[in-house]
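Here is how the chains run, residue by residue.
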Amino acid sequence: MMILRKPISILTAILFLTSSMVFSASETTDSLQVATAPATTEVEAHETHAEEAKSPKEVVNAHIEHHLQDDYYFTFFADEAEGKHYGFPLPVILIDGGLKVFSASKFHYGETVAEVDGKFYKLYHGKIYETNAAGDLTMDDHHHPTNKMPLNFSMTKNVVSLILTAAILFFLFVGLAKTYKNGHNNLPKGFSRVLEPLVIYVRDEIARPNIGEKKYKKFMPYLLTVFFLIWLLNLLGLTPLGINVTGNIAFTLCAALFTFFITQFSANKEYWGHIFWMPGVPVPMKIILAPIEVLGMFTKPFSLMIRLFANITAGHTVVMGLIAIVFLMKEQLTVGGATAVSLALTLFISVIEILVAFLQAYIFTMLSSLFIGMAVQDHHHDDHH
């Protein structure tokens, strides 16, 4: 497989486009069904009663889940008493009998029905469904909507964050590349002085030891891309904007698939020989080990996907849970005391999360280079007796 030696922004763009395709909702084949007025009223009454009966812990859990999920709005803060949200909506792009482009503000955070070219759409639990003018949803036995879902290519928070991160990487590394084209005086300037030691670190501490001196240069663009992309996205996730790209299973799946395909298409014949007919072991053991090795091909990218997703999601959940101490302990402590406890614990965890942001980028890059190195290295076997 030919690995690009062009600027790493090209591979970043590919990663972004693939991720955004995975984020988009697939179109269902079920026909549109409109609920009757009594059934809709019963469902709405049940939801209203459930919301009124929620305990403070359930409300906090709902806020944490909302923070972890993708959304069509960037919400800075909200006034629940007045029902106001402060932020800005994102473009909604649907394909439903043609291209439908409109602002997410038409949904008013899921409270209203959006009318576009004579069709009506409702935002329900982060998904867009086609409905009638009243916004009626038909529910199945498990209380899941059965309405038709249009093909969704909307600009969600995760997609915008990927575009922003890709743009940052592009400008940073183009500036660093220009530094080395200035003849004899190629000392980095400005922020490039921060980038250069990180690039050297990825090269000397990750790529060279795991892939080998002869072949590591071929894979440096990908390793640099995945390291800085994950690192910057992790840092963005620590901001109050509610961004959780690396805690989204779709993104980690896409990144793990890149490592998987690069590994498999770059592998030499000795790698495949070790998988299907391992040298140096008895024939019966070769037959037993072959399916285990084949399974190992898929468990490696699966571990990459789950490790990044689980660690980042856990970190966000802990931080949000500590912030919620203010609301859960306001009856036992004074508001000032609960706030002090919450801020102290949140600051402590946030410092750890900054370290985790770098650590997870390092682990993903290191394991990717290790898997690639196992596939491309030349094996030398002694005679077995």
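Just so it is clear, the model here is predicted, and its values are computed rather than measured. (Residues numbered from 1 in each chain as written. Predicted model: local features only at pLDDT ≥ 70, side-chain atom pairs only at ≥ 80, totals over all residues. Heavy atoms only, no water.)

Right, let's get into the overall build of the chain. What the chain contains, in helices and strands, is 11 helices and 8 strands. In the chain, of all internal contacts separated by at least 6 residues, the share reaching a separation of at least 24 is 62%. Accessible area for the chain stands at about 21200 Å²; split by element, carbon and sulfur atoms hold 66% of it. (Helix = DSSP H or I, 4+ residues; strand = E, 2+ residues; numbered from the N terminus. Contact = heavy atoms within 4.5 Å. Areas by Shrake-Rupley, 256 points an atom, 1.4 Å probe, with all protein chains shown as cover.)

With respect to the element layout, Gln264 can be found in helix α7 (residues 249-266). In terms of polar contacts, Gln264 uses its side chain to reach the side chain of Tyr271, at 3.4 Å. (Polar contact = N/O pair within 3.5 Å; in protein donor to acceptor, adjacent residues only side chain to side chain.)

Here the focus is the environment of Pro240. Relative to the helices and strands, Pro240 is located in the loop between α6 (216-236) and α7. For Pro240, a relative accessible area of 74% puts it in the exposed group. Considered as a pair, Pro240 and Thr75 are 165 residues apart in the sequence and their alpha carbons are 9.2 Å apart. (Buried < 20%, exposed > 50% of the residue type's maximum accessible area, 1.4 Å probe, protein only.)

This brings us to the nonpolar core. Formed by 47 residues in total, the largest nonpolar core has its most connected members in Tyr222, Phe228 and Phe364. Within the residue set of this core, elements represented by two or more residues are α4 (157-179), α5 (192-211), α6, α7, α9 (283-323) and α11 (335-376). It is α6 that contributes the most residues to this core, 15 residues altogether. Setting aside residues no more than four positions away along its own chain, Phe228 makes contact with Leu169, Phe173, Leu195, Leu198 and Val199. (Core = buried A, V, L, I, M, F, W, Y, C linked by side-chain atoms within 4.5 Å.)

An order of β4-β3-β8 is seen for the 3 strands of this open sheet, with the pairing classed as antiparallel. Strands with a single pairing partner mark the edges of an open sheet, and in this sheet they are β4 (99-103) and β8 (151-152). Sheet analysis places strand β3 (residues 91-95) next to β8, joined by 2 bridges and oriented antiparallel. Looking across to β8, one finds that Leu94 is bridged to Asn152. (Pairing = 2+ DSSP bridges.)

So, on to α6. A rise of 1.5 Å per residue sets the reference length of α6, with its 21 residues, at 30 Å; its end C-alpha atoms lie 29 Å apart and thus fit the reference within 8%. Largest kink in α6: about 30°, centred on Tyr222. The element α6 is largely enclosed, with a buried count of 18 among its 21 residues. (Expected span 1.5 Å × (residues − 1). Bend = angle between axes of the 7 residues up to and from the residue.)

Turning to the pairing of strand β6 (residues 119-124), a few remarks are in order. Where strand β5 (residues 114-116) lies against β6, 3 bridges are found, and the strand directions are antiparallel. Paired with Val116 across the two strands is Lys119, which belongs to β6. Counting the residues between successive antiparallel strands, the hairpin from β5 to β6 contains 2 residues, one of them, Asp117, with a positive phi of roughly 55°. In the sheet, β6 pairs with strand β7 (residues 127-131) via 5 bridges, with the strands oriented antiparallel. In the sheet register, Tyr124 faces β7, and the bridge partner there is Lys127. Taking the residues between adjacent antiparallel strands as the criterion, β6 and β7 are bridged by 2 residues, where His125 takes a positive phi near 55°.

Once that is clear, we can look at the UniProt feature "transmembrane region" (unreviewed entry) in the chain. According to UniProt, the feature "transmembrane region" (unreviewed entry) maps to residues 159-177, 219-239, 245-263, 304-328 and 340-364 in the numbering used here. Secondary structure over residues 159-177 splits into 100% helix and 0% strand, and the C-alpha atoms at its two ends are 27 Å apart. Here residues 219-239 runs as 86% helix and 0% strand, with 31 Å between its end C-alpha atoms. (UniProt positions renumbered as here; feature names shortened; annotations may be inferred.)

This brings us to the confidence of the model for the chain. The share of residues in the chain with pLDDT of 70 or more is 72%, and the mean pLDDT across the chain is 76. Looking over the chain, one finds the lowest element-wise mean pLDDT in helix α2 (residues 37-52), namely 43, and the highest in α7, namely 92. Scored below 50 in pLDDT, residues 1-9 makes 18 contacts in the model with residues more than four places away or belonging to other chains. Low pLDDT, under 50, characterises residues 20-51; the stretch is placed with 44 contacts to residues that sit more than four places away or in other chains. (pLDDT = per-residue confidence, 0-100.)

What follows concerns the sheet that holds β7. Pairing in this open sheet of 3 strands is antiparallel, and the strands run β5-β6-β7 from one edge to the other. Looking at which strands have only one partner, the edges of the open sheet turn out to be β5 and β7. Within this sheet the neighbouring strands show an average axis-to-axis angle of 35°, counted without direction. (Axes fitted to C-alpha atoms, helices over the stretch in contact; angles between N-to-C directions.)

Next up on the list: the packing of aromatic side chains. Scanning the entire structure with this criterion turns up 17 aromatic pairs. Ring centres 5.2 Å apart and planes at 75° place the aromatic pair Tyr271 and Trp272 in the edge-to-face group. A relative accessible area of 8% means that Tyr271 is categorised as buried. Every member of this aromatic cluster is reached through a ring pair, and the members are Phe173, Tyr201, Phe227, Phe228, Trp231, Phe358 and Tyr362. (Phe/Tyr/Trp six-rings, centres within 6.5 Å; stacked < 30°, edge-to-face > 60°.)

What follows is about the packing of α4 against α6. Viewed as axis vectors pointing N to C, α4 and α6 meet at an angle of 125°, and their least axial separation amounts to 10 Å. Here α4 is positioned oblique relative to α6, judged by the angle of their axes. Our pair here, α4 against α6, has a crossing hand that is right-handed. Here α4 contributes Ser161, Leu162, Leu164, Thr165, Ile168, Leu169 and Phe173 to the contact with α6, which in turn contributes Phe228, Leu229, Leu232, Leu233 and Leu236. (Parallel < 35°, antiparallel > 145°, perpendicular 65-115°, else oblique. Left-handed = near helix turned anticlockwise from the far one by under 90°.)

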